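# Fold and contact review
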Amino acid sequence: LQHYFIQSNLSLEFKKLQISLPEINMKLKVSLLCLVLLAALTFLKMTYQPSPKVNDYFTSVISVINPPLQANLSAFHHESPDVFNALPNSFLPQYRSFCWNSNESQALPPSFWCLPAVYLPGMPKCGSTELFRKLVWHPEVVSPKSKENHYWARRRLGRITNHMADFADQSRSIVTNESFTHLLTRLKPERVEENSLLLDGSQSLLWDQDEWEFRYPWADHPPYYNSDLIHHLTPTAKILVIVRNPVRRLYSDYLYFAYKEEKRTAESFAKDVEREVTRFQGCLKSKDLYSCCYDSHNSLRVRLRLGIYICFIKKWKEAFRDNFMVVRLEDYSLTPSSELMRIFKFLDVSPPDPHKLNNFLESSKPQNTRHRSDESKGEMLEQTYVLLNDFYKPYNLQLANYLGDSKYSYDPQNLL
């Protein structure tokens with residue numbers, strides 16, 4: 001901002017604007033000064049033409065303070081110049097995945113690189129690991145080195161807190177930032193053929209934008225969402241999300257992600273849920289739903305917000321439209337073969353032989369199921385179930401209305 005004053009040779013005589021009325025309290029004086037400064041900056045913005053670099057910064061700041069209808073992707077460009085320095089002007093048209101050959105002029109070693117054609121973001125304990133393993137059985141769906149890279153949501157910028165620790169507990173290991181080249185290497189592009197769909201199974205992509213407040217402390221919302229980011233890079237990618245009854249999901253998540261030294265029980269779950277429901281409802285008194293869903297100070301012990309699917313699914317469907325699909329774990333568990341055939345049709349891959357698919361399903365074991373030690377802890381307490389069902393009910397109805405499918409209301413009379 002100093003650049004504005006220097007270039008315009010404008011000198012604001014603040015002494016002339018001071019009000020010497022002793023009866024005006026300090027808060028009013030501060031408010032008045034802020035209004036004067038805002039008016040001066042607005043005048044400068046309209047009247048003077050600073051350098052493009054300063055102008056871009058000014059526009060970026062103002063647009064984040066007042067979030068536009070579209071994402072502020074200039075923030076993404078500013079955060080990750082290595083990504084845009086490495087990407088080509090266009091991808092190889094003969095490949096279904098987003099592939100290119102780098103040359104010496106790009107910020108990559110000369111080689112063959114690919115970005116995924118399909119993303120499987122989702123919520124923990126909703127069956128995404130199981131679904132991922134079944135999808136890569138298809139010869140046209142290619143797995144990277146690991147199911148979950150977590151690059152875009154966590155490793156691109158790094159983290160100062162562990163995603164499983166409570167927000168205030170910084171004693172756990174941090175997540176260091178990672179180069180774009182490292183991601184591309186781990187995607188194993190040498191496995192990709194022209195007709196292959198490279199699949200990324202990073203669950204965190206659907207919901208995790210934690211710590212955005214540290215980078216944009218003046219904003220009420222992130223300047224962009226992960227859906228905006230992926231759509232900006234690969235707008236024709238396909239997005240597949242699997243969800244589960246949010247009440248069941250939360251209890252499974254609570255037991256599964258406990259540290260070894262912790263003793264989590266149905267009773268401790270009840271206490272933690274009461275505390276988090278009260279905290280989240282308090283958030284809604286002063287903020288809108290999206291602000292509360294994406295608030296980095298949400299509990300990481302009881303991840304209540306992850307069951308408010310409408311918060312996250314709506315952002316992705318708005319971006320990808322017909323290239324976005326949601327399935328329920330309940331439906332997949334009942335009829336895995338028909339659900340997989342439906343998904344393969346959505347991905348536009350050749351339909352597999354039904355007999356071979358059924359044989360594969362019968363011979364394969366379910367992935368990432370509940371620990372035996374957790375089974376001994378029994379079900380959640382009845383009052384906890386009632387509390388959570390009441391909490392999630394309006395959001396489930398919103399999701400069902402948005403998707404046009406009553407199954408997503410998760411009527412308690414029809415739960416698995």
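Look up a bit, the structure's there.
A few points on the structure. (Residues numbered from 1 in each chain as written. Predicted model: local features only at pLDDT ≥ 70, side-chain atom pairs only at ≥ 80, totals over all residues. Heavy atoms only, no water.)

A separate point is the overall build of the protein chain. Each helix and strand counted, the protein chain has 20 helices and 7 strands in total. Sequence-distant contacts, at least 24 apart, represent 72% of the contacts inside the protein chain between residues at least 6 apart. Carbon together with sulfur atoms contributes 54% to the accessible area of the protein chain, which is approximately 21600 Å² in total. (Helix = DSSP H or I, 4+ residues; strand = E, 2+ residues; numbered from the N terminus. Contact = heavy atoms within 4.5 Å. Areas by Shrake-Rupley, 256 points an atom, 1.4 Å probe, with all protein chains shown as cover.)

With that settled, consider the side chain of Lys134. The residue Lys134 is located in helix H7 (residues 128-135) in this model. Every residue in contact with Lys134, bar those within four places of it in the chain, is listed here: Tyr332, Leu340, Phe344, Phe360, Leu361, Ser364 and Lys365.

Right, let's get into the nonpolar core. Nonpolar side chains in soluble globular proteins tend to be buried together. In terms of nonpolar packing, the biggest core is built from 105 residues, with Leu131, Leu135, Trp152, Phe180 and Ile308 touching the most fellow members. A per-element tally of this core places helix H15 (residues 309-320) first, with 8 residues. Setting aside residues up to four positions removed in sequence, Trp152 forms contacts with Phe76, Val83, Leu115, Tyr119, Phe180, Leu183, Leu205, Asn226, Leu229, Ile230 and Leu233. (Core = buried A, V, L, I, M, F, W, Y, C linked by side-chain atoms within 4.5 Å. Buried < 20%, exposed > 50% of the residue type's maximum accessible area, 1.4 Å probe, protein only.)

The buried fraction of helix H12 (residues 246-256) amounts to 9 of the 11 residues, a majority that puts the element mostly inside the structure. Burial in H12 covers these residues: Pro246, Val247, Arg249, Leu250, Tyr251, Ser252, Asp253, Tyr254 and Leu255. Two to three positions downstream of the cap, the backbone nitrogen of Val247 sits 2.9 Å from a side-chain oxygen, assigning the N-cap of H12 to Asn245. (Polar contact = N/O pair within 3.5 Å; in protein donor to acceptor, adjacent residues only side chain to side chain.)

In this section: the pattern of salt bridges. Per the counting criterion, the structure on display carries 19 salt bridges. Between Arg248 and Glu379 there is a salt bridge; the shortest N-O distance is 3.5 Å. Note that Arg248 is positioned in helix H12 and Glu379 in the loop between helix H19 (372-375) and helix H20 (382-403), a separation of 131 residues in sequence. Under the relative-accessibility criterion, Arg248 is labelled partly exposed at 28%. Residue Asp295 is joined to Lys287 by a salt bridge in which the shortest nitrogen-to-oxygen separation is 3.7 Å. On the accessibility criterion, Asp295 (9% relative accessible area) is buried. (Salt bridge = Lys/Arg side-chain N within 4 Å of Asp/Glu carboxyl O.)

Strand order in the open sheet formed by 5 strands is S4-S5-S3-S6-S7, with parallel pairing between adjacent strands. Of all the strands in the sheet, just strand S4 (141-142) and strand S7 (324-328) have a single pairing partner and so form its edges. The pairing of S4 with strand S5 (residues 197-200) spans 2 bridges and is parallel. Considered in S5, the bridge of Val141 is made with Leu197. Packing of H15 onto the sheet brings it into contact with strand S6 (238-243) and S7, and relative to S7 it is tilted by some 145°. (Pairing = 2+ DSSP bridges. Axes fitted to C-alpha atoms, helices over the stretch in contact; angles between N-to-C directions.)

Closest axis-to-axis distance for the helix H17 (residues 336-347)/helix H18 (residues 354-363) pair is 10 Å, and the angle between their directions is 125°. In terms of their interaxial angle, H17 and H18 are classed as oblique. Note on packing geometry: the crossing formed by H17 with H18 is right-handed. The segment H17 lies against H18, with Pro336, Ser337, Leu340 and Met341 engaging Leu357, Asn358 and Leu361. For the contact of H17 with H18, the per-class residue count stands at 5 nonpolar, 2 polar and no charged. (Parallel < 35°, antiparallel > 145°, perpendicular 65-115°, else oblique. Left-handed = near helix turned anticlockwise from the far one by under 90°. Nonpolar A, V, L, I, M, F, W, Y, C, P; charged D, E, K, R; others polar.)

This brings us to the state of the cysteines. Working definition: the covalent bond between the sulfur atoms of two cysteines is a disulfide. By the definition in use, this model includes 3 disulfides. Two residues share a disulfide in this structure: Cys283 and Cys292, whose sulfurs sit 2.1 Å from each other. Its S-S torsion of approximately -100° makes the covalent link between Cys283 and Cys292 left-handed. Residue Cys292 is classed as buried on the basis of its relative accessible area, which comes to 0%. Here Cys293 pairs with Cys311 through a disulfide, and the sulfurs are 2.2 Å apart. Taking the sign of the S-S torsion, 75° for the link of Cys293 and Cys311, the bridge is right-handed. Residue Cys293 is located in helix H14 (residues 289-293), and its partner Cys311 is located in helix H15; the two are separated by 18 residues in the primary sequence. Counting only the cysteines that take part in disulfides, in the order they occur along the protein chain, gives the pairing 1-2, 3-4, 5-6. (Disulfide = S-S within 2.5 Å.)

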